[in-house]
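Each chain, letter by letter, is given below.
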Amino acid sequence: MKFPLSWLREYVDLPAVTAHEVADKLTAAGLKLESIESVGDDIKNVVVGEVLSIEELTGFKKPIRYCSVEVGEAAPRWVICGATNFAVGDRVAVALPGAVLPGGFEVGSRKTYGHVSDGMICSARELGIGEDHSGILILPADTHLGADVVELLGLRDDVIELEITPDRGYALSIRGIARETATAFGVPWRDPADVEPPTFTEEAHPASIADPSACDRFVLRSVSGFDPSAETPMWMQVRLARAGMRPVSLAVDVTNYLMIELGQPLHAFDRSRLSGPVVVRRAEPGETLETLDHVVRKLDPEDILITDSSGAISMAGTMGGLETEISDASTDLVIEAAHFSATGTARMSRRHNLVSEASRRFERGVDRELPLYASWRAVQLLVAFGGGTADAGVTHAFVDVEPATITIPADHPDRVAGIAYGRDTVVHRLEQVGCTVVAESAVAGHDGAEAPSAVPADVLESPGRPDPAELLTVTPPSWRPDLTDPNDLAEEVIRLEGYEWLPSVLPAAPAGAGLTEAQRLRRRVGRAMAAAGYVETLAYPFIGVRDLDGLQLPADDARRRAVRLANPISEDEPLMRTTLLPGLLKTLVRNVGRGFGDLALFESGLVYRPEPGAPAKAPVLGVDRRPTDDELATIAAAIPRQPLRLAVVLSGEHDRSGWWGAGRPASWADAVEAARVVAREAGVEITVSADRHEPWHPGRCAALHVGETLLGHAGELHPRVIEAYGLPARTCAMELELSVLESALPGAAQAQPVSAYPVATQDVALVVPAGVPVAEVEAALREGAGALLESIRLFDVYTGSQVGEGKKSLAYSLRFRAPDRTLIVEETTAARDAAVALAAERTGAHLRSA
C-alpha cells in the first residue's frame, strides 16, 4: 500500500511530524514499513508557460516543433519539442535553463535541429508523476503564468509504502491508514466515507443477486451526459501516480482514486452496452468472457460473474469485460459497487492467474457497508469533473447478514499479555478500532437468559476467570472481518497499547532436559568432519531422473523409487532425493567451474525412501474428529522412510603441494577414512570389504559394515559418472547412513583407565597374496594378539621382485601395553607370534625374510 503523506494529512490532524515518525507509529501498531521515498525535492526551476506560436520543422524522421513560450519573463523563450498533443494557447510545464528534473537530469540551452532550444517542455513522466511519456503535460487554462510547477501540482511529498498482511484488508486504503494513524497519535480524524447519499425509491438499473454465497450487497448508480473527453484533475493524477497507479481516463481514475481512498473497489460500465437486468451469479459450464486485457477466459462454474441478458460482462471483483468497457464515446455510465465473497474472489483470481488491485482488496475482506457511500462519492466526482448529471435512483440488492458477536472476559487481554490493562483500557481500545462493546453476565443475562454461546469453553472454565459482571460482548465493525475470536480482540488491545511493553521472561529450563545421544552424535560428527578438513554444504532435497541416470543406477535400483512432488519448484527436479550424492556433485562442479578444484565437501541430511507398494499419497482427513487407527496406519504407510545420511566428495589434492614438495591427490582411501572418522565419533568399528555398487568404480568400491549391518559405501566414482556430471578425474565419494550408527550407539561412554606403564612395540612384515584385503589381515592380527594389544598401524605396503609376482608385503606396527605392569619381551613376542599365526591360518600370510 503506497500513499503520499499529504493525502493522509487531509483526513488526520497530524502534528508537525516527519514521514519516518508516522511510519514508526504505524509499525508499532503492526503495519510493516516497506519504504519511505521523498519525491519532488530535486525538481527545480520548472514553471508554467503558455504556448504563443508553433513552427513545424521539416526534413526530419519525426515531427519536430519550434515553439515560442511565454513564462512571465521579459521575452518569450524558444523551445524545441517533439510532441504534438498541444496547441497554441495551451498552458504547459517549462523547465528553464538550469532546471533539474527527477533523477538529477539538468536542463540547459543547446543547439539542436538547427535551432537553439532555451529549455524544455515537460511530460508527466519527466516530472516524476507517472509513466505517461506519449505527450506533453497540459495544465488547466486558468493556471497562473510563471507559477512554480512543484508547488502548483504538489509534487514535493513523502511517499510511504506499507506491507499489508492478509488479515488487515482495511489497511489497503487511506481510510484504514488514517484510522490507525489517528489512534497512534491520539488525534482526531475525518472519515472520507462520511457522506449522506440521497434517498431514492426508484432503481438506477434493474439488478439482482442470484447466489447469496457469492455476493451479499450489490449497488448501481448512473450518470448521464458525461463528457468522455474530460481531463482528470491534475491533483488526482498526481495522487494516483504517487500511489503507484497509472492515470487512464476520468471515469477509470475516479474509481481507482476511491478504491485507494476508501478501500472499496468500483467499476464503471457503459450503460449503452448493457442489455437487460444485471445479475450476480456463478458461471455456467462452457461460459467464456473476454476481459479488459483482451484475453478470452474459459470460466469455471465456481467463478463469480456480473452478467446481463447477453451473458457475462465482468469477473466480479477481479476484472471487467471488454464488451462493456468505457470508451471515448461513452456518455452514460453505470457505477457498480458491491461486496463479493472473499474466498470466492481469491479462488477465482488464482484459478485464472489474474491478480488485480480490486481482487487484492476483496480477497482480504472489504467493508460491506461501503458500497452505498463509495458509489455516491464516485457519482459526485464524475459530475463535478465530467460535466454529467447524477440520475435519480439507486439499485440496492442485498442479503441480510447478522453481525457476528464475540464474548470475552474483560481481563482476557490481561491474561494473554501478562499485563494488567484493566477493564476500562480494554473497552477503550476495542471501541477505538470500531467495535461495539456491551457488558454481559457470565452466567445469565439481566433477564435470566443463558450466557451467550459464543463464549469458548476454555475461557469459561479457565482458572481465575472474572466475575460474571465482567464479561464483555463485542460486535466487530463491518470493516474488520478478521475479528472472529477472543484472541483477535486481545491482539487489538495489545498492539494498540504497545508490544514494547510486553514483559520478556525466559521460561525455566526443565530439569534433566538436554540433547539426546543421537543429537550429540550428529554434532560430534559435524565437528569431526570439519576438523578433518571437510567443508559442509547444504543442497535442496530435490533431484530429477537425469541425476539418477548420471549416477548410472540400474533400472531396478531402489534409489530410483522416489517421491514425486505435486508442485515442484523446478520441472527438472520433481523428485525428493533418495541419495545425497547428486547435490554434492553439483556443488563440486560449480566450485570447480569457478577455479576451486581441490575440494573436500560433506553434507548430512534426510533422504526419502518410499517402501514398495506404499500408497501414492496420504488421505486428506477432516478436523471434526480424531482419525481412526486404520486412517493413521494409511497415513504412516504413505510417508516414505526418512533415514539420516552423511556423504562426502573429494577431488584434486588432499595434501597440498608447495615449496615443501609435491602434494598427494585424494584417493578412495581418503573416502574410506572419512567413514572411519564418523564411526569413531559413534564409538564403533567398521569393517571394510570390496564391493560393486553404483555409482562407484567396480574395482575401487568398498562396502562399510557395522557388524552384519551395511552402513554405506566409499571409493572412487565410476568414469561414466564423472563424465555425466563433468567432474574432475578420479573424484571420490562416500555415503553412509547415520541412522544406523545412532541405533548402534553403545550408550554412555565409559572412561578407560590410563595405564602408567610404558608401551612395547613390535613390528611385523607379512607377505600375502595380492588379492587379500588389508582389512582381513588387520582383523586377524588384532584378534590373535589378544588383550595386550593397544593399537595396530599399517605403515608400509610393498610389491616387487623381492616378494614375488602376485604377492604384496604389509608392514604393521603393533603396540602392546598392560594396565598393571611393565611387559617383558617374552610376553610381547608371544602375543606377536600368536597374531602372525592366526593371520597365516586365515589369509595365508607368512613372515617376510630380510
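Structural data are supplied above this passage.
What this report covers is the structure whose coordinates are included nearby. (Residues numbered from 1 in each chain as written. Predicted model: local features only at pLDDT ≥ 70, side-chain atom pairs only at ≥ 80, totals over all residues. Heavy atoms only, no water.)

The secondary structure content of the protein amounts to 22 helices and 42 strands. For a compact globule of 850 residues, the expected C-alpha radius of gyration is about 29 Å, and the protein comes in at 40 Å, more than 25% above that figure. The dimensions of the protein, computed from C-alpha atoms along their principal axes, are 120 × 95 × 60 Å. A burial count over the protein gives 47% of its 850 residues as buried. (Helix = DSSP H or I, 4+ residues; strand = E, 2+ residues; numbered from the N terminus. Rg over C-alpha atoms; globule rule 2.2 N^0.38 Å. Buried < 20%, exposed > 50% of the residue type's maximum accessible area, 1.4 Å probe, protein only.)

All right, on to the pairing of strand E24 (residues 395-398) then. Burial along E24 is one-sided: Thr395 and Ala397 are buried, and none of His396 and Phe398, which face the opposite way, are. As judged from the four bridges shared by strand E14 (residues 215-224) and E24, these two strands associate in the antiparallel manner. Residue pairing in the sheet places Arg217 in a bridge with Phe398 of E24. (Pairing = 2+ DSSP bridges.)

Tracing the backbone shows Glu841 in helix H22 (residues 825-843). Distance in space between the C-alpha atoms of Glu841 and Ser356 is 83 Å, their sequence separation being 485 residues.

Let us look at the sheet that holds strand E38 (residues 732-737). Ordered by their spatial adjacency, seven strands build an open sheet running E28-E31-E32-E38-E37-E36-E35, and the pairing between neighbours is mixed. Of all the strands in the sheet, just strand E28 (535-536) and strand E35 (687-690) have a single pairing partner and so form its edges. The pairing of strand E37 (residues 709-717) with E38 spans five bridges and is classified as antiparallel. Following the sheet pairing, Glu716 is matched in E38 by Cys732. Contacts from helix H14 (residues 517-531) reach strand E31 (599-606) and strand E32 (644-651), with the element oriented near 5 degrees to E32. (Contact = heavy atoms within 4.5 Å. Axes fitted to C-alpha atoms, helices over the stretch in contact; angles between N-to-C directions.)

Attention now goes to the nonpolar core. If you look at the biggest cluster of nonpolar residues, it comprises 57 residues, and the most contacted ones within it are Leu8, Val22 and Leu382. Looking at this core, the element that brings in the most residues is helix H6 (residues 250-262), giving eight residues. Among residues more than four places away in sequence, those in contact with Val22 are Leu5, Leu8, Leu14, Val17, Ile160, Thr181 and Phe185. Counting 34 residues, the second largest nonpolar core, distinct from the first, contains Leu644, Val678, Ala679 and Met734. (Core = buried A, V, L, I, M, F, W, Y, C linked by side-chain atoms within 4.5 Å.)

Bringing the sheet that holds strand E42 (residues 846-847) into the picture now. Spatial ordering of the open sheet is given by E40-E41-E39-E42, a layout of four strands whose pairing is antiparallel. Only two strands of the sheet have a single partner each, and these edge strands are strand E40 (789-798) and E42. Of the strand pairs in this sheet, strand E39 (residues 760-769) and E42 are connected by two bridges, and their pairing is antiparallel. The partner of Val767 across the bridge, within E42, is His846. Where helix H21 (residues 774-785) meets the sheet, it contacts E39, E40 and strand E41 (807-816), and its direction lies at approximately 35 degrees from that of E41. The sheet strands contacting H22 are E39, E41 and E42, and the helix crosses E39 at an angle near 15 degrees.

Now for the packing of H21 against H22. Packing of H21 against H22 leaves a shortest axis separation of 7 Å and a crossing angle of 140 degrees. It follows from the interaxial angle that H21 and H22 lie oblique. Here H21 and H22 pass one another in a crossing that is right-handed. Contacts between H21 and H22 involve Glu776, Val777, Ala780, Leu781, Glu783, Gly784 and Ala785 from the former and Ala831, Ala834, Ala835, Val836, Leu838, Ala839, Arg842 and Thr843 from the latter. When its residues are assigned to classes, the contact of H21 with H22 shows 10 nonpolar, two polar and three charged. (Parallel < 35°, antiparallel > 145°, perpendicular 65-115°, else oblique. Left-handed = near helix turned anticlockwise from the far one by under 90°. Nonpolar A, V, L, I, M, F, W, Y, C, P; charged D, E, K, R; others polar.)

Our next topic: the layout of surface pockets. Approximately 760 Å³ is the volume attributed to the second largest pocket. As for the second largest pocket, its lining consists of 23 residues, of which Trp668, Val672, Arg676, Val688 and Val774 are closest to the centre. Of all the secondary-structure elements, those providing two or more residues to the lining of the second largest pocket are helix H18 (668-682), E35, strand E36 (696-706), H21 and E40. Among the elements that make up the lining of the second largest pocket, the one with the highest residue count is H18 (six residues). The class makeup of the residues in the lining of the second largest pocket is 14 nonpolar, two polar and seven charged. (1 Å grid on protein atoms, 1.4 Å probe; cavity = no way out; pocket = protein on both sides within 12 Å on 5 of 7 lines; lining within 4 Å. Points joined across faces, edges and corners; volume = space filled by probe spheres on them.)

This brings us to the pairing of strand E25 (residues 406-409). Residues Ile406 and Ile408 point to one face of E25 and Thr407 and Pro409 to the other, with burial holding for every one of them. Direction of pairing for E25 relative to strand E27 (residues 471-475): antiparallel, over a ladder of four bridges. Bridge pairing links Ile406 to Val474 in E27.

In this section: the side chain of Thr473. Here Thr473 lies in strand E27. Of the residues examined, Thr473 reaches a relative accessible area of 12% and is grouped as buried. A polar contact is formed between the side chain of Thr473 and the side chain of Thr407, at a distance of 3.5 Å. (Polar contact = N/O pair within 3.5 Å; in protein donor to acceptor, adjacent residues only side chain to side chain.)

Cis peptide bonds are those with omega within 30 degrees of zero, and the linkage from Glu694 to Pro695 qualifies with 10 degrees. For Pro695, the position within the fold is in the loop between E35 and E36. Phi at His294 is positive, roughly 65 degrees, even though this residue is not glycine. Here His294 lies in the loop between strand E17 (288-290) and strand E18 (296-298). Looking at His294, the relative accessible area reads 57%, which means it is exposed. Despite not being glycine, Arg730 shows a phi value in the positive range, around 60 degrees. With respect to the secondary-structure elements, Arg730 resides in the loop between helix H19 (719-725) and E38.

Let us look at the packing of aromatic side chains. Tallied over the entire structure, the rule returns eight aromatic pairs. Ring geometry for Phe60 versus Tyr113: centroids 4.8 Å apart, planes at 90 degrees, classification edge-to-face. Linking Phe60 in the loop between strand E3 (44-57) and strand E4 (64-70) with Tyr113 in the loop between strand E8 (109-112) and strand E9 (115-118), this pair joins segments that are 53 residues apart in sequence. Summarising the aromatic geometry, the rings of Phe340 and Phe362 are spaced 5.2 Å apart at their centres and angled 65 degrees between planes, so their arrangement reads as edge-to-face. Pair noted here: Phe340 is in strand E22 (residues 333-340) and Phe362 is in helix H8 (residues 357-362), with a separation of 22 residues, a long-range link. Among the residues examined, Phe362 registers a relative accessible area of 2% and is labelled buried. (Phe/Tyr/Trp six-rings, centres within 6.5 Å; stacked < 30°, edge-to-face > 60°.)

The N-to-C vectors of helix H5 (residues 234-242) and H6 enclose an angle of 55 degrees; their axes lie 10 Å apart at closest approach. Taken together, the axes of H5 and H6 are oblique relative to one another. In the crossing of H5 with H6, the sense of the turn from one axis to the other is left-handed. Across the interface between the two elements, Trp235, Met236, Arg239 and Leu240 from H5 touch Asp253, Val254, Asn256, Tyr257 and Ile260 from H6.

Below, the discussion takes up the environment of Gly605. Looking at where Gly605 falls in the secondary structure, it is placed in strand E31. Looking at Gly605, the relative accessible area reads 10%, which means it is buried. Between the C-alpha atom of Gly605 and that of Ala539, which follows or precedes it by 66 residues, the distance is 9.2 Å.

Attention now moves to helix H16 (residues 581-593). With 13 residues, H16 should cover 18 Å at 1.5 Å per step; its first-to-last C-alpha distance of 18 Å lies within 8% of that length. Inspection of H16 places Leu581, Pro582, Gly583, Leu584, Leu585, Thr587 and Leu588 among the buried residues, and these make up the whole buried set. Positive backbone phi, at 95 degrees, marks Gly595, one or two positions downstream of H16. (Expected span 1.5 Å × (residues − 1).)

This next bit is on empty space enclosed by the protein. Evaluation of the coordinates by the stated rule reveals two cavities of 30 Å³ or more. Estimated volume of the largest cavity: approximately 120 Å³. Taken together, 15 residues make up the lining of the largest cavity; nearest its centre are Tyr170, Ser173, Leu262, Gly263 and Asp367. Grouping the constituent residues of the lining of the largest cavity by class yields six nonpolar, five polar and four charged. When residues in the lining of the second largest cavity are grouped by element, the largest group, three residues, is from helix H4 (residues 174-185). Its residues assigned to classes, the lining of the second largest cavity comprises three nonpolar, two polar and three charged.

Functional significance is not addressed by these values, which are geometric in nature.
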